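The residues making up each chain are set out below.
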Amino acid sequence: MSRRDFEQTIEFIQDLDRARTPTEVCGMLLSKVRRFGAEYVLAGTMPSPGTNREQQISNIILDHWPVEWSRRYFAHGYVFHDPAIRGVTSNMRPFLWDELEPLYRDDETAWRVMDEAGEFRLKRGFTIPLVTLEGDIAGFSLAGEKLEVSPADRGMLTLVATYALGRSFLLREDDGKPLLSLSRREQEALQWAAEGKSEWETGAIMGISEHGVDKHMRAARLKLGATSRTHAVAEAIRRGLIK
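Residues numbered from 1 in each chain as written. Predicted model: local features only at pLDDT ≥ 70, side-chain atom pairs only at ≥ 80, totals over all residues. Heavy atoms only, no water.

### Let's talk about the packing of helix H2 (residues 22-33) against helix H8 (residues 154-171)
Let me state the cut-off plainly: For helices, the fitted line uses only the C-alpha atoms of the stretch in contact; every axis is such a line through C-alpha atoms, and the angle between N-to-C directions lies from 0 to 180 degrees. A run of H or I in DSSP counts as a helix once it spans at least four residues, and a run of E counts as a strand once it spans at least two, with each numbered from the N terminus. Our angle categories are set so that under 35 degrees counts as roughly parallel, over 145 as roughly antiparallel, 65 to 115 as roughly perpendicular, and the remainder as oblique. Crossing handedness follows the turn of the near helix against the far one: under a right angle anticlockwise gives a left-handed crossing, and clockwise gives a right-handed one. Contacts are assigned to residue pairs with any non-hydrogen atoms lying within 4.5 Å of each other. Charged means Asp, Glu, Lys or Arg here, nonpolar means Ala, Val, Leu, Ile, Met, Phe, Trp, Tyr, Cys or Pro, and polar covers whatever is left, Gly included.
At a closest axis distance of 9 Å, the pairing of H2 and H8 adopts a crossing angle of 165°. Classed by the angle they form, the pair H2 and H8 counts as roughly antiparallel. Between H2 and H8 lies a crossing of right-handed hand. Only Met156, Leu157, Val160, Ala164, Arg167, Ser168 and Leu171 of H8 make contact with H2, whose side of the interface consists of Pro22, Val25, Leu29, Lys32 and Val33. Across the contact of H2 with H8, the residue classes tally to 9 nonpolar, 1 polar and 2 charged.

### Brief notes about the sheet that holds strand S4 (residues 124-131)
Formally: In this analysis, strands are considered paired if DSSP registers two or more bridges between them.
With antiparallel pairing, the 5 strands of this open sheet are ordered in space as S2-S1-S5-S4-S3. This sheet does not close on itself; its edge strands, each paired only once, are strand S2 (60-64) and strand S3 (95-96). In terms of strand pairing, S4 meets strand S5 (residues 137-144) through 8 bridges, oriented antiparallel. Counted as the bridge partner of Thr127 is Ser141 from S5.

### Focus on the confidence of the model for the chain
Where we set the bar: Every residue gets a pLDDT, meaning the predictor's confidence in that residue, from 0 to 100.
The predicted model of the chain averages 88 in pLDDT, with 95% of residues at 70 or higher. Of the regions scoring below 50 in pLDDT, residues 174-179 engages in 6 contacts with residues more than four places distant in sequence or in other chains.

### Structural notes on helix H7 (residues 108-118)
Defined as follows: Partly exposed describes any residue whose relative accessible area lies between the buried limit of under 20% and the exposed limit of over 50%, with all areas from a 1.4 Å probe on protein chains only and scaled to the type maximum. Polar contact criterion, stated in full: a pair of N or O atoms within 3.5 Å, where within protein one must be able to donate a hydrogen and the other to accept it, and residues adjacent in sequence count only if both atoms are side-chain atoms.
When we look at burial in H7, the residues that qualify are Ala110, Val113, Met114, Glu116, Ala117 and Gly118. Of the surrounding secondary structure, the elements contacted by the buried residues of H7 are helix H4 (67-75), helix H5 (83-90) and helix H6 (101-104). Its side-chain oxygen placed 3.0 Å from the backbone nitrogen of Thr109, Asp107 serves as the N-cap of H7.

### Some words on the packing of aromatic side chains
Aromatic ring pairs are described here by two measures, namely the spacing of the ring centres and the angle between the planes. Put simply, the rule is: Two rings belonging to Phe, Tyr or Trp (six-membered ring only in the last case) form a pair when the distance between their centres is within 6.5 Å. Interplanar angles under 30 degrees mark stacking, angles over 60 mark edge-to-face geometry, and anything in between is tilted.
Taken as a whole and assessed by the stated rule, the structure comprises 8 aromatic pairs. The interplanar angle of 70° and the centroid separation of 6.5 Å between the aromatic rings of Trp65 and Trp97 together place this pair among those described as edge-to-face. Residue Trp65 is found in the loop between S2 and H4, and its partner Trp97 is found in the loop between S3 and H6; the two are separated by 32 residues along the sequence. Assigned by exposure class, Trp65 and Trp97 land together as buried. Their ring planes at 35° and their centres at 5.6 Å tell us that Trp69 and Phe120 sit as a pair that is tilted. With Trp69 in helix H4 and Phe120 in the loop between H7 and S4, this residue pair connects regions lying 51 residues apart in the sequence. Taken together, the ring pairs connect Trp69, Tyr73, Phe74, Tyr78 and Phe120 into an aromatic cluster.

### Observations concerning a nonpolar patch on the surface
Put simply, the test is: Residues enter a patch when their relative accessible area is above 30% and they make no salt bridge; the linking distance is 9 Å between like charges and 5 Å between nonpolar side chains (Val, Leu, Ile, Met, Phe, Trp, Tyr). Values of accessible area rely on a 1.4 Å probe in the Shrake-Rupley scheme; residue burial ignores everything except the protein chains shown. The working definition used for a salt bridge is a side-chain nitrogen of Lys or Arg within 4 Å of a carboxyl oxygen of Asp or Glu.
Together, Phe6, Ile10 and Leu159 give the surface a local cluster of nonpolar side chains, amounting to about 230 Å² of exposed area. You can see Leu159 is positioned in helix H8. A relative accessible area of 34% means that Leu159 is categorised as partly exposed.

### Here we look at unusual backbone geometry
Phi angles above zero are rare outside glycine, and Arg121 is one such case at about 70°. Within the secondary structure layout, Arg121 lies in the loop between H7 and S4. Residue class for Arg121 comes out partly exposed when judged on its relative accessible area of 37%.

### Let's talk about the pattern of salt bridges
This model, assessed by the stated rule, comprises 17 salt bridges. Its salt-bridge partner being Arg124, residue Asp98 comes within 2.5 Å of it at the nearest N-O pair. A residue pair is termed long-range when its members are at least 10 positions apart, and Asp98 in the loop between S3 and H6 and Arg124 in strand S4 qualify at 26 residues. Look at Arg124 and you get partly exposed, because its relative accessible area is 22%. Close ionic contact of Arg121 with Glu145 constitutes a salt bridge, the shortest N to O distance being 3.0 Å. A residue pair is termed long-range when its members are at least 10 positions apart, and Arg121 in the loop between H7 and S4 and Glu145 in the loop between S5 and H8 qualify at 24 residues.

Here it is as structure tokens:
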């Protein structure tokens, strides 16, 4: 990356601080990456095996993807056959989708996923695996009909993707969800988490076991639609549920 490119990247990252919703982040990202032929962006944490359609969709943080393809993708349970998902969970290096063929050469369903994605202008893609502070694996993908990403551009795009996803975690919209309420114990567990206490320390303070703390944190995460402990704390603060 040249010094000029580096300075432009830092300037773009600073501009992302002005975004107020993940939708705005998507728009700003696309204005930055269109020169690579990128038409679409999608990012989120990896779903656990066995999760249902609604849980899979809730893992998405940035979503500028063809709507009809998303509907087909989740309706057919493609998430657990998607070579890009396999690439994220098996190798933490950024990759072009063309590089994934060895992962699905003998998998008929995986071939179908890639072929059908091409019908929706997702013919070429570039995916960046990321890890949250909580240890959750996330994926950030750019795609288009004529996407071209050189080896020299991968570092810059990884830096941009990391910041954009982090910013979007903090800005995740309510999407019209009704006002929620946390139990007193759930709020208390989140408050101690916000103050940097471990689950063991929180349990000692609250007079319960680590398992009890984990139970309250999981319930709070579910109510908040959060994908990690850090995300739950950020959401609770943003909603004014804790300080």
